[in-house]
Amino acid sequence: MIKSPRGTRDLLPPDTALWNFVETAVRDVFRAYNFHEIRTPIFESTELFARGVGEETDVVMKEMFTWEDRGRAESDRGQSLTLRPENTAGVVRAYIEHKLWDRGLNKLFYIGPQFRRERPQKGRYRQFYQIGAEVIGPAAAGSQSPARDAEILELLATLLDRVGITQWTLELNSVGSPADRAKFNDTLRQALAPAVEKMCADCQRRAITNPLRVFDCKVPEDQPIIETLPTITQFLNDDSRAHFEAVKQILNAVSIPYVENPRLVRGLDYYTHTAFEFTHGALGAQNAILGGGRYDGLSEALGGPPAPGIGFAIGEDRLVLSLTASAESVLRKPDAYIAPLGAGMNREAARLARELRRHDLVIDLGDESFRLKKSFETADKMRARYILIVGENEVAANAFSLKHLASGEQVTVPRAELAQQILRK
RNA sequence: GUGGGAGUAGCUCAAUCGGUAGAGCAUCGGACUGUGGCUCCGACGGUUGCGGGUUCAAUUCCCGUCUCCCACCCCA
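From a predicted model like this one, the values you see are computed outputs, not experimental measurements. (Residues numbered from 1 in each chain as written. Chains lettered and ligands numbered in written order. Predicted model: local features only at pLDDT ≥ 70, side-chain atom pairs only at ≥ 80, totals over all residues. Heavy atoms only, no water.)

In this section: a nonpolar patch on the surface. A surface patch of nonpolar side chains, about 260 Å² in accessible area, is lined by Ile42, Phe43 and Trp67. Looking at where Trp67 falls in the secondary structure, it is placed in strand E3 (residues 66-68). Residue classification places Trp67 among the partly exposed residues on the basis of a relative accessible area of 34%. (Patch = residues over 30% accessible without salt bridge, like charges linked within 9 Å, V, L, I, M, F, W, Y side chains within 5 Å. Areas by Shrake-Rupley, 256 points an atom, 1.4 Å probe, with all protein chains shown as cover. Salt bridge = Lys/Arg side-chain N within 4 Å of Asp/Glu carboxyl O. Helix = DSSP H or I, 4+ residues; strand = E, 2+ residues; numbered from the N terminus. Buried < 20%, exposed > 50% of the residue type's maximum accessible area, 1.4 Å probe, protein only.)

Take a look at the structure:
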């Protein structure tokens, strides 16, 4: 049997109702904040991710699905292509390609699949879905304003509340400018040097390759050493500091709770200033439900003009996992199930179904060969509100037996009044 | 990519010391020819993930492999 490839899965009804519930709610929220949808290709030039995400990151070095195009045209052949591992690079590429700076400030959102060649785990797939947004534009259009950071964070709080996730924590930090980070990294290496021998094997490696990640260490014995390390907060320049303060003040003004986490670092190279994560307790080791931050230098890194930006990406798979609502509860059930009864009744049933569906009713129907008992069982199973019986008696009278399945009440309703009756309850 | 656990009917799970696989639910049919979630009866459903090995005999023991789960690396 051919199975779906490792780390991929089929989303089936009724679960897809839950996904649609999330996506519909998310679109509503984006609309309220005047964000508009962008759809970028699912694959791009490998170079885009190498330059945009960072040549040295794990994502680019070992987690991408990459292949060589073998098109007929000389210009296509040998082009290295990659399934997008994230969507920010693609959005910024589109920003540059279509000169979107001419539109002033762009407030864009996307919903779609991303791909990483990782070892699968719960809530972590090789084809996974992200809901994200980017605010990007010339500095003169306000793209650099702390008001944009705060607006994004407030939007996210609204969004999570809206889908019924209330147990979230917003962790906030500033990672400063690239220069701030370089200084901090040097200091960190020096601070680690005398103690590193006593630390776990992972930390010994991190101390050399990526000192920032030492903060993520969960080994209890290492914590006393980590406590003594400097934090990036002390290395922020005046601009970064002022920006961070302004963001926090707006959050206070709109009553969005947050905790400052000076150890929160971001893995991708392009982040500057504000960095944040929303976590949810019930998710185990993979407790981050979304993350994001500011990336003021990304456009230039991709060959574009200066274009400060801030964005986030929600792991939709994990978001759906942490939902308390059940798929069953958000599934729209049929308003009525039509049971044609006896030879020739399919035609009349089809006519009725068509009439009722015009009234925005959800109608399903069976077949004239079904015994009435079977039709009732089918209607019950799909949780239809009403069953509508279409038999010879009904057709002769042009009035139909309509039974409310939950209460058992049955009435005979003239054809012209059927929709009204069904809409009633 | 590393370490550990698990794979038996569509789903959830049994199967004693190694003796050729069973239940509940689901599906379909009947009891019941125009009135339902109940009840009873019956049917359908299996390469025990896949491949190899040991054995008279393997769901069971061994090896390999695939997939999922947990943790790590990393990240949303």
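Looking at chain A, the pLDDT average stands at 89 and 96% of residues meet or exceed 70. Mean pLDDT values for the elements of chain A range from 72 in helix H7 (residues 201-209) up to 97 in strand E1 (residues 36-37). Reported confidence for the predicted complex is 0.87 by ipTM and 0.91 by pTM. (pLDDT = per-residue confidence, 0-100.)

Before going further, it helps to spend a moment on the protein's contact with RNA strand B. Taken together, the neighbourhood of RNA strand B is formed by 50 residues, with Arg124, Arg206, Arg213, Asp380 and Leu405 sitting nearest. Sugar and phosphate atoms form 50% of the subset of RNA strand B atoms that lie within 4 Å of the protein. In the environment of RNA strand B, a base nitrogen lies 3.0 Å from a nitrogen or oxygen atom belonging to the side chain of Glu118. One of the side-chain nitrogen or oxygen atoms of Arg124 is found 2.4 Å away from a base oxygen of RNA strand B. (Near = heavy atom within 4 Å. Polar contact = N/O pair within 3.5 Å; in protein donor to acceptor, adjacent residues only side chain to side chain.)

So, on to the sheet that holds strand E16 (residues 410-414). Taken in spatial order, the 5 strands line up as E13-E12-E14-E15-E16 in an open sheet, and their pairing is mixed. The open sheet has two free edges, formed respectively by strand E13 (363-365) and E16, since each of these has just one partner strand. Looking at each pair of strands side by side, their axes are set apart by 25° on average, direction ignored. With 4 bridges joining them, strand E14 (residues 386-390) and strand E15 (residues 399-404) adopt antiparallel strand pairing. Note on E15: the bridge partner recorded for Ile389 is Ser401. (Pairing = 2+ DSSP bridges. Axes fitted to C-alpha atoms, helices over the stretch in contact; angles between N-to-C directions.)

Turning next to the pairing of E16. Taken together, the 5 bridges between E15 and E16 define a ladder with antiparallel strand orientation. Looking at E16, one finds that Lys403 is bridged to Gln410. Between E15 and the antiparallel strand that follows it, E16, lie 5 residues; Gly408 among them carries a positive phi value of about 85°.

Two orientations exist for strands paired in a sheet by backbone hydrogen bonds: parallel and antiparallel. Ordered in space as E2-E4-E3, the 3 strands form an open sheet in which the pairing is antiparallel. Of all strands in the sheet, those with a lone pairing partner are strand E2 (43-45) and E3, marking the two edges. For this sheet the average axis-to-axis angle between neighbouring strands, irrespective of direction, equals 35°. In this fold helix H2 (residues 46-53) packs onto E2, E3 and strand E4 (80-83), with an angle of close to 80° to the strand it touches most, E2. (Contact = heavy atoms within 4.5 Å.)

With their axes 10 Å apart at the nearest point, helix H1 (residues 15-32) and helix H5 (residues 146-162) run at an angle of 150° to one another. The pairing of H1 with H5 is recorded here as roughly antiparallel in orientation. Here H1 runs over H5; the crossing is right-handed. Contacts between H1 and H5 involve Ala25, Val26, Asp28, Val29 and Phe30 on the former and, on the latter, Leu155, Thr158, Leu159 and Arg162. (Parallel < 35°, antiparallel > 145°, perpendicular 65-115°, else oblique. Left-handed = near helix turned anticlockwise from the far one by under 90°.)

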